[in-house]
Amino acid sequence: MKIIELDELKNLIKDSMTIMVSGFMGCGTPHKIIDKLIELGVKDLTLICNDTSLVDFGVGQMVVNKQFSKIMTSHIGLNPESIRQLNNQETEFELIPQGTLAERIRCAGAGLGGFLTPTGLGTVVAQGKEVIKVDTKEFLLELPLRADVALISSHIVDKKGNCFYRGATRNFGPIMATAADLVIVEADKIVEIGDLSPENVVTPHIFVDFIIDGGSK
Amino acid sequence: MKKFIAKRVAKELKNGDVVNLGIGLPTLVANYLDSDQDIIFHSENGFIGIGPTPPPGQEDIYIVNAGGKPVTINKEGAFFDSATSFAIIRGGHIDVSVLGALEVDEKGNLANWMIPDKLVPGMGGAMDLVVGAKKVIVAMEHTNKGRPKILKECKLPLTAQGQVNLIITEMAVIEVTKEGLLVLEINPKFTIDQLIKATDANLIISENLKFM
């Protein structure tokens, strides 16, 4: 059975792990799982997430709780605590262009060794990276990005783990589900196998290890 | 002043254009479209077809824009994941990207994502948008409280190199060309001398200079 209780997270998520968390300014973030990680107090984590949200919403609360030693993200501007920790060098930050972040995750999940992007050429993002010329155009070589655990949110999940996303919550969920050793999905609603039409499945069940009932929001 | 700039940017958008509006002033552009302008707005968090802000009480927590604020989606809209969203952006499927700027220069270089040691919010989707969109419009106030933002060469860390096509401010509409910055339009409230004084770059005045 893939369905587990929130409490089970204490056996799955340990200090110093690298975690990916889906969501964009908290929309599409597994909020019950985040609350549990705050309660458990796991620390020295590396976070891979689009943004650090707000101080009182989503992963932003874990930033305030100082549970990360490193954060790989595209945007921290709406979380003053992230900015403070960056300025005081309390936490290591790697700021990554959003499209590059998404594609690095996709690459890892797709078994690719990296990709060539024009994004970041001639900027600080290019520092230390290989520039490769294809025909006449230059590109930056960007490498895949994996995690120990992906924590994602999905609106309807069947008991096998097939996921349907609602609205703009999809964002990083489908790609993160492919790029971690362990994938845990928080479902707004869990349904029987067969209740989700195969056409509506965005993340196939083979990517999902565990399901947690998040209850409707 | 912001309204004036947003109104002028709106005139640049053509029927059927796929457009991404940055946070802040660029977002206002959507308010100044003519009723016959059929524009498809892209939201980098994962959909096309951004509709108007919902009335209070009718917000849907599952439908927010890239700033995390509640919006709506049109009937013909579509949701997608972040990899697809940036395939749309980098793949040249966005016709126009409208962004603000801290600095922009004669070569079309743009700096809008950080001020070292002061403001480091992260680049979000800006670096991809500027590189990938077919046309990049910088929409901003001409100066920062009198200090020129249009420069010979950007001093702040760049968002992208040589990607800006058009600069629209309350003073002028300026095209970035190989020869330099070409002033296409000027706000009749200002003189050419005032415009030159407020700009720290060489300006070429178009022979067909028009009023904004």
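Residues numbered from 1 in each chain as written. Chains lettered and ligands numbered in written order. Predicted model: local features only at pLDDT ≥ 70, side-chain atom pairs only at ≥ 80, totals over all residues. Heavy atoms only, no water.

(A) Broad picture of helix α2 (residues 31-40) of chain A. For α2(A), every residue scored as buried is listed here: A:H31, A:I33, A:I34, A:K36 and A:L37. On its buried face, α2(A) is in contact with α1 (9-12), β2 (18-21), α3 (60-64), β9 (147-158), β11 (180-191) and β12 (210-213) of chain A. (Buried < 20%, exposed > 50% of the residue type's maximum accessible area, 1.4 Å probe, protein only. Helix = DSSP H or I, 4+ residues; strand = E, 2+ residues; numbered from the N terminus. Contact = heavy atoms within 4.5 Å.)

(B) Summary view of the interface of chain B and chain A. Taken together, the contacts link 32 residues of chain B with 39 residues of chain A. Across the interface of chain B and chain A, roughly 2,900 Å² is buried in total on both sides, 65% from carbon and sulfur atoms. When the buried surface of chain B facing chain A is broken down by residue, B:Y62, B:R90 and B:V120 rank first, second and third, together holding 23% of it. If you look at where chain B meets chain A, you find 2 salt bridges. For the salt bridge of B:D60 with A:R166, the shortest nitrogen-to-oxygen distance reads 3.6 Å. The interface formed by chain B and chain A contains 11 residue pairs in polar contact (both at pLDDT 80 or more). For the side of chain B that touches chain A, the secondary structure elements donating two or more residues are α2 (82-90) and α3 (126-132) of chain B. Considering every element that reaches the side of chain B that touches chain A, the biggest residue donor is α2(B), with 4 residues. Taken together, the residues that form the side of chain B that touches chain A break down as 18 nonpolar, 9 polar and 5 charged. (Buried area = accessible area lost by both parts, 1.4 Å probe. Salt bridge = Lys/Arg side-chain N within 4 Å of Asp/Glu carboxyl O. Polar contact = N/O pair within 3.5 Å; in protein donor to acceptor, adjacent residues only side chain to side chain. Nonpolar A, V, L, I, M, F, W, Y, C, P; charged D, E, K, R; others polar.)

(C) Local environment of the pattern of salt bridges. Residue and element names in this part refer to chain A. As enumerated under the stated definition, the model contains 19 salt bridges over all chains in all. Among the salt bridges present, the one from E39 reaches K36, with a minimum N-O distance of 3.1 Å. Separated by 3 residues within a single helix, E39 and K36 lie in helix α2, roughly one turn from each other. A relative accessible area of 8% places K36 in the buried class.

(D) Focus on the environment of A:G114. All names here are of chain A. Relative to the assigned elements, G114 resides in the loop between α5 (98-109) and β6 (115-117). Spatially, the C-alpha atoms of G114 and A179 are 13 Å apart, while their sequence positions differ by 65 residues. Excluding residues that lie within four positions of it along the chain, G114 makes contacts with C107, E142, L143 and P144.

(E) Up close: the packing of α5(A) against α2(B). At a minimum axis distance of 9 Å, the contact between α5(A) and α2(B) shows a crossing angle of 125°. Of the possible angle classes, the one that applies to α5(A) and α2(B) is oblique. As α5(A) runs across α2(B), the sense of the crossing is left-handed. In contact with A:Q98, A:G99, A:T100, A:A102, A:E103 and A:R106 of α5(A), α2(B) contributes B:S82, B:A83, B:F86 and B:R90. Of the residues assigned to the contact of α5(A) with α2(B), the class counts are 3 nonpolar, 4 polar and 3 charged. (Axes fitted to C-alpha atoms, helices over the stretch in contact; angles between N-to-C directions. Parallel < 35°, antiparallel > 145°, perpendicular 65-115°, else oblique. Left-handed = near helix turned anticlockwise from the far one by under 90°.)

(F) Layout of the environment of A:T18. All names here are of chain A. Summarising the element assignment, T18 is placed in strand β2. Assessed through its relative accessible area of 18%, T18 is described here as buried. Residue contacts for T18: discarding those within four places in its chain leaves T46, I48, R146, A147, D148 and V149.

(G) A look at the layout of surface pockets. Estimated volume of the second largest pocket: approximately 410 Å³. Lining the second largest pocket are 20 residues, and of these A:F93, A:L95, B:W113, B:M114 and B:V120 lie nearest its centre. Breaking the lining of the second largest pocket down by element, the ones donating at least two residues are α4 (80-87), β5 (92-95) and α5 of chain A. Counting residues per element, the lining of the second largest pocket draws most heavily on β5(A), at 3 residues. Grouping the constituent residues of the lining of the second largest pocket by class yields 12 nonpolar, 3 polar and 5 charged. (1 Å grid on protein atoms, 1.4 Å probe; cavity = no way out; pocket = protein on both sides within 12 Å on 5 of 7 lines; lining within 4 Å. Points joined across faces, edges and corners; volume = space filled by probe spheres on them.)

(H) Layout of the sheet that holds strand β11 (residues 150-151) of chain B. Residues and elements named next belong to chain B. An order of β7-β6-β11 is seen for the 3 strands of this open sheet, with the pairing classed as mixed. Strand pairing shows two members of the sheet lacking a second neighbour, β7 (110-111) and β11, which therefore form its edges. The pairing of strand β6 (residues 103-105) with β7 spans 2 bridges and is antiparallel. Of the residues in β7, the one forming a bridge with E103 is A111. (Pairing = 2+ DSSP bridges.)

(I) Broad picture of the sheet that holds strand β8 (residues 137-142) of chain A. All names here are of chain A. The sheet built from 3 strands is open, its strands ordered β6-β8-β7 with antiparallel pairing. Pairing within the sheet leaves two strands with one partner each, and these edge strands are β6 and β7 (131-134). In this sheet, neighbouring strand axes are inclined to one another by 45° on average, regardless of whether the strands run parallel or antiparallel. Alignment of β7 against β8, held across 4 bridges, turns out to be antiparallel. Looking at the pairing, I132 lines up with F139 of β8.

(J) Spotlight on the nonpolar core. Ranked by size, the top nonpolar core spans 38 residues in total, and within it A:I13, A:I19, A:L151 and A:I184 carry the most contacts. When residues of this core are assigned to their parent elements, the largest contribution, 3 residues, is made by α2(A). Judged by nonpolar contacts, the second largest core, of 33 residues, contains B:A101, B:V138, B:M140 and B:L195. (Core = buried A, V, L, I, M, F, W, Y, C linked by side-chain atoms within 4.5 Å.)

(K) Structural context of the confidence of the model for chain B. Considering every residue of chain B, the mean pLDDT works out to 95; 100% of them sit at 70 or more. Confidence estimates for the predicted assembly give a pTM of 0.96 and an ipTM of 0.96. (pLDDT = per-residue confidence, 0-100.)

(L) The environment of A:S16, seen in detail. All names here are of chain A. Checked against the element boundaries, S16 lands in the loop between α1 and β2. Considered as a pair, S16 and D44 are 28 residues apart in the sequence and their alpha carbons are 4.7 Å apart. Residue contacts for S16: discarding those within four places in its chain leaves K43, D44 and L45.

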